[in-house]
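Residue-level structural notes
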Amino acid sequence: PMSGYRFGKGVYFAEMLGKSANYCRTTGTSEMFVMACDVSLGKTFETSRDMYMEKPRVGTNSTHALSDIVPNPSMSLEMTDGDDMIASVTN
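Residues numbered from 1 in each chain as written. Predicted model: local features only at pLDDT ≥ 70, side-chain atom pairs only at ≥ 80, totals over all residues. Heavy atoms only, no water.

1. Side note on the overall build of the protein chain
- Across its full length, the protein chain carries 1 helix and 6 strands.
- Reading the helices (α) and strands (β) of the protein chain from amino to carboxyl end gives α-β-β-β-β-β-β.
- Across the protein chain, the fraction of contacts at a sequence separation of at least 24, relative to all contacts at a separation of at least 6, is 33%.
- As displayed, the protein chain has an accessible area near 7500 Å², and 52% of this comes from carbon and sulfur atoms. (Helix = DSSP H or I, 4+ residues; strand = E, 2+ residues; numbered from the N terminus. Contact = heavy atoms within 4.5 Å. Areas by Shrake-Rupley, 256 points an atom, 1.4 Å probe, with all protein chains shown as cover.)

Given below as structure tokens:
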């Protein structure tokens, strides 16, 4: 693919539903499949720059991509387990 490899092949998670929604549609359909997960990142390597990696940086378990786009708490959805999921973004 020409996109979708910001940090290499792997499993990507987002803290905002709107971000994940960009990657959840099949071409030619309006159907979307999303799985809400509670993810434990372990020790993270934080960066705002794209860089291809084959595995996490030495001494870390995962990579946390930082962004200027942050969750908007007023757009949260309460889940059945009492947790909240952010459905929208704000700059």
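2. Some points on the side chain of T47
- Here T47 lies in strand β1 (residues 44–47).
- Among the polar contacts made by the side chain of T47, one reaches the main-chain amide nitrogen of R49 at a distance of 3.1 Å.
- In this view, T47 contacts F7, T63, H64, A65 and L66; residues no more than four positions away in its chain are not counted. (Polar contact = N/O pair within 3.5 Å; in protein donor to acceptor, adjacent residues only side chain to side chain.)

3. Examining the packing of aromatic side chains
- Enumeration over the complete set of coordinates arrives at 0 aromatic pairs.
- Geometry around F45 places R57 over its ring, the cationic atom sitting 4.4 Å from the centre. (Phe/Tyr/Trp six-rings, centres within 6.5 Å; stacked < 30°, edge-to-face > 60°. Lys NZ or Arg CZ within 6 Å of the ring centre and 35° of its normal.)

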